[in-house]
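What follows is each chain in one-letter form.
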Amino acid sequence: MRERFERLETDFIVVGSGAAGLRAAVELSAAGRVLVLTKTELTESNSRYAQGGIAAAMDDSDTTELHRADTIAAGAGLCDEAAVAVLVEEGPAEVERLIDWGTAFDTIDGKVAFGREGAHSRSRVLHANGDATGMEIVTALWRKVRSLPSVTIESFAFVEDLVVLDDRVVGVRYVSPRGAREVIARATLIASGGAGQIFSHTTNPAVATGDGFALAYRAGALLRDMEFVQFHPTALNIAGAPPFLISEAVRGEGATLVDASGNRFVDELAPRDVVARAIYSRVAAGSTVYLDLRGLPGGLAQRRFPHIHAFCLERGIDVARNKLPVTPAAHYFMGGIWTDLDGRSSVKGLYAAGEVASCGIHGANRLASNSLLECVVFGRRAASAMTREKNRAFEGTPPRQSLPRTPQRAEEARRVIRDVAWKSGGIVRQAEGLKQGIELLTRLMDDWQTTDSPSPEQMEAANLRDVALLTLRSALVRLESRGAHYRADFPALNDLQYGFHSWTRSGAPSWIGSLRF
């Protein structure tokens, strides 16, 4: 039996320390005490590994209207145009703030350099240190947050559940090296990133286990569009090594995709779902696909993509001389916790921002390099809305709810979940495979047990299973192909019946249609 949770109070809680969480913490700092919880190191997040850049209409040849149109086109009919307008119109000011806080974007002759990526009609992607944009942005935000006396950061803090009282989230319960704690707050923000680790092939770091999705789901929050998972077309595919992201910006600079015979077979700058399926079809047929950088001007690959160049060289691949074997891998969740334009979820007191949220920007397919922009724009907006609750009285403490059942052998369960999700709900889906996957994930819990003291690894496995099941269920009800969701048994777009969002919440089956609160 776990010892009694130590009860604490703060004004605002931020779960996650990526770009969205850190940007929110900065905004919240002037309104009260802020507690930032991160389950590993402060700087470990999906944001840290973002290579390509951050998109914003800041060049003289660009406009916010063009950025808006490109984003909506990529979203395959499911973007919320109001959300997209907020993103592109407020984005440039947020990028300027990042620069003011010390983010050093790459320049040419003293001016910010703008790169081109797939499905963008203009060169509008700012990058830092070539291919380390996420690291540069997170580092600048981290320095800013550390300078704020009202912000407390606790690393290696695993949030087990949300504290819910009278249908309102009033705090969190978490465990850390300091013990088990229950923290009551006026408002709570989930900014915990995505869930790429539900798949056996992913570009995401090990921390991306979908904890935020699962926490919100168990608290009764509405989730949206969980079937729309973006598979990045080009992850380095070396036997015995996990996939390593090869930024889309590499193709933006002129690298080509070729099959085993050396033939190009797809427009390298087409939307990601198109490129990913083209590669997948060849890999599934037994062919190797390569990304060829050898045609880039001399020295460009090393100068523009120093981290990719070094990573490959450490593994015996010189990108100036050798083609890179690549494969698609799970990369980004377009769906997540439903929020309005100010980050409010369907549960009072609970907010969300970043990849874990679904505010309507990405629709069925995210435009490259819009994710970091979303983090800073909507991280700030959610925090601004949270400050309006700064005078709310602290709530009492409800009885602790039962945690989900967890596996005794967490690593074994994790392998099964990831394998099932990849095979059943990966790049190409069909009803039979989705149903089999759902059945396997449902039966997997048969020998799991409820315990008062699960380990973080056991809780992660439970969260992975919950998110994988939600993803497969949402994919099963969408009987069409749209954006990143491809059904081999329903390959056509069907706007009449399925030109709507999918929805899911605890205790109800997934559905497609109008919003039901």
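Quick caveat: nothing in here was measured; it's all calculated off a predicted structure.

Draft legend 1. Quick look at the overall build of the chain. When its secondary structure is counted, the chain shows 14 helices and 24 strands. Relative to the compact-globule value of 24 Å for 517 residues, the chain shows a C-alpha radius of gyration of 22 Å, a close match. Expressed as lengths along the three principal axes of its C-alpha atoms, the size of the chain is roughly 65 × 55 × 45 Å. Across the chain, contacts joining residues at least 24 apart in sequence account for 74% of those joining residues at least 6 apart. In the structure as shown, the chain presents an accessible area of about 19,600 Å², 48% of it carried by carbon and sulfur atoms. With 59 positive and 62 negative side-chain charges, the chain shows a spacing of 2 Å between the two charge centroids.

Draft legend 2. Local environment of the nonpolar core. By size, the foremost hydrophobic cluster in this structure holds 56 residues, and its most contacted members are Phe199 and Phe333. If you tally residues by element for this core, the top one is helix H13 (residues 456-477), at 8 residues. Apart from residues lying up to four places away in sequence, Phe199 is in contact with Val229, Phe231, Ala330, Phe333, Arg418, Ala421, Trp422, Gly425 and Gly426. If you look at the next biggest cluster of nonpolar residues, it comprises 44 residues, including Ala25, Ile54, Cys359 and Leu373.

Draft legend 3. Looking closely at the side chain of Thr387. Relative to the helices and strands, Thr387 resides in the loop between helix H10 (371-386) and helix H11 (410-425). Only 2.6 Å separates the side chain of Thr387 from the backbone oxygen of Ser384, close enough to count as a polar contact. Among residues more than four places away in sequence, those in contact with Thr387 are Phe12, Glu27, Leu28 and Ala31.

Draft legend 4. Quick peek at the packing of helix H1 (residues 19-28) against H10. Direction vectors running N to C along H1 and H10 enclose 35°, while the axes themselves pass 7 Å from each other. Between H1 and H10 lies a crossing of right-handed hand. Across the interface between the two elements, Ala19, Ala20, Arg23, Ala24, Glu27 and Leu28 of H1 pack against Leu372, Cys375, Val376, Gly379, Arg380, Ala383, Ser384 and Met386 of H10.

Draft legend 5. Representation of the pattern of salt bridges within the structure. Here the structure, examined in full by the defined rule, presents 43 salt bridges. Where Arg181 meets Glu154, a salt bridge forms, and the shortest distance between an N and an O atom there is 3.4 Å. Taken together, the positions of Arg181 in strand S12 (residues 179-184) and Glu154 in strand S9 (residues 151-154) put the pair 27 residues apart, joining distant regions of the chain. Across this residue pair, the class does not change: Arg181 and Glu154 are buried. When the shortest N-O distance is used, the salt bridge between Arg218 and Asp466 registers 3.5 Å. Placement of the pair is Arg218 in helix H5 (residues 211-218) and Asp466 in helix H13, with a sequence separation of 248 residues.

Draft legend 6. Region of the structure containing the side chain of Arg272. One can find Arg272 in helix H7 (residues 272-284). We classify Arg272 as buried; its relative accessible area is 7%. A polar contact of 2.5 Å, which involves the side chain of Arg272, links it to the side chain of Glu248. Those residues within four positions of Arg272 in sequence are excluded, and the remaining contacts are Glu117, Gln230, Phe231, His232, Pro233, Glu248, His331, Asn365, Arg366 and Ala368.

Draft legend 7. Geometry of the sheet that holds strand S3 (residues 34-37). Spatial strand order, S9-S3-S2-S13-S21: 5 strands in an open sheet with parallel pairing. Since the sheet does not close on itself, it has two edges, and those belong to S9 and strand S21 (350-352), each with one partner. Pairs of neighbouring strands in the sheet enclose a mean axial angle of 20°, with direction left out of account. Sheet topology places S3 next to S9; 4 bridges connect them, and they run parallel. In the sheet register, Val36 faces S9, and the bridge partner there is Ile153.

Draft legend 8. Local environment of the sheet that holds strand S8 (residues 125-126). Pairing in this open sheet of 3 strands is antiparallel, and the strands run S4-S8-S7 from one edge to the other. Every interior strand has two partners, whereas the edge strands, strand S4 (54-55) and strand S7 (114-115), have only one. Pairing geometry for S7 and S8, over 2 bridges, is antiparallel. Note that in S8 the partner of Gly115 across the bridge is Val125.

Draft legend 9. Summary view of helix H3 (residues 81-100). Along its 20 residues, H3 runs 29 Å from first to last C-alpha, staying within 8% of the 28 Å computed at 1.5 Å per residue. If you look at H3, its biggest bend is around 45°, right at Gly91, and the proline Pro92 turns up within four residues after that. Within H3 the residues assigned to the buried category are Ala83, Val84, Ala85, Val86, Leu87, Val88, Gly91, Pro92, Glu94, Val95 and Leu98. The secondary structure elements touched by the buried residues of H3 are H1, S4, helix H2 (64-74), S8, helix H4 (133-146) and H10. Structurally, the start of H3 carries an N-cap: the backbone nitrogen of Ala82 is 2.9 Å from a side-chain oxygen of Asp80.

Draft legend 10. Summary view of the packing of H11 against helix H12 (residues 431-443). Closest axis-to-axis distance for the H11/H12 pair is 8 Å, and the angle between their directions is 165°. Between H11 and H12, the crossing angle belongs to the class labelled roughly antiparallel. Of the two possible hands of crossing, H11 and H12 adopt the one that is left-handed. Of H12, the residues touching H11 (which contributes Ile417, Val420, Ser424 and Gly425) are Gly433, Leu434, Gly437, Leu440 and Leu441.

Draft legend 11. Molecular detail of H11. With 16 residues, H11 should cover 22 Å at 1.5 Å per step; its first-to-last C-alpha distance of 21 Å lies within 8% of that length. Restricting attention to buried positions, one finds in H11 the residues Ala410, Ala413, Arg414, Ile417, Arg418, Val420, Ala421, Trp422, Ser424 and Gly425. Close packing links the buried residues of H11 with strand S15 (229-236), strand S19 (324-333), H12 and H13.

Draft legend 12. Region of interest: the pairing of S15. The buried fraction of S15 amounts to 8 of the 8 residues, a majority that puts the element mostly inside the structure. Pairing of S15 with strand S16 (residues 244-245), which is carried by 2 bridges, proceeds in the antiparallel orientation. Following the sheet pairing, Ala235 is matched in S16 by Leu245.

Draft legend 13. A look at the environment of Thr107. Along the polypeptide, Thr107 turns up in strand S5 (residues 107-108). Residue class for Thr107 comes out partly exposed when judged on its relative accessible area of 48%. The spacing of Thr107 and Leu126 is 19 residues in sequence and 9.1 Å in space, taken between C-alpha atoms. Filtering out sequence-adjacent residues up to four positions away, Thr107 remains in contact with Val112 and Ala113.

What counts and what doesn't
- Residues numbered from 1 in each chain as written.
- Predicted model: local features only at pLDDT ≥ 70, side-chain atom pairs only at ≥ 80, totals over all residues.
- Heavy atoms only, no water.
- Helix = DSSP H or I, 4+ residues; strand = E, 2+ residues; numbered from the N terminus.
- Rg over C-alpha atoms; globule rule 2.2 N^0.38 Å.
- Contact = heavy atoms within 4.5 Å.
- Areas by Shrake-Rupley, 256 points an atom, 1.4 Å probe, with all protein chains shown as cover.
- Lys, Arg positive; Asp, Glu negative; His and termini not counted.
- Charge placed at Lys NZ, Arg CZ, Asp CG, Glu CD.
- Core = buried A, V, L, I, M, F, W, Y, C linked by side-chain atoms within 4.5 Å.
- Buried < 20%, exposed > 50% of the residue type's maximum accessible area, 1.4 Å probe, protein only.
- Polar contact = N/O pair within 3.5 Å; in protein donor to acceptor, adjacent residues only side chain to side chain.
- Axes fitted to C-alpha atoms, helices over the stretch in contact; angles between N-to-C directions.
- Left-handed = near helix turned anticlockwise from the far one by under 90°.
- Salt bridge = Lys/Arg side-chain N within 4 Å of Asp/Glu carboxyl O.
- Pairing = 2+ DSSP bridges.
- Expected span 1.5 Å × (residues − 1).
- Bend = angle between axes of the 7 residues up to and from the residue.
- Parallel < 35°, antiparallel > 145°, perpendicular 65-115°, else oblique.

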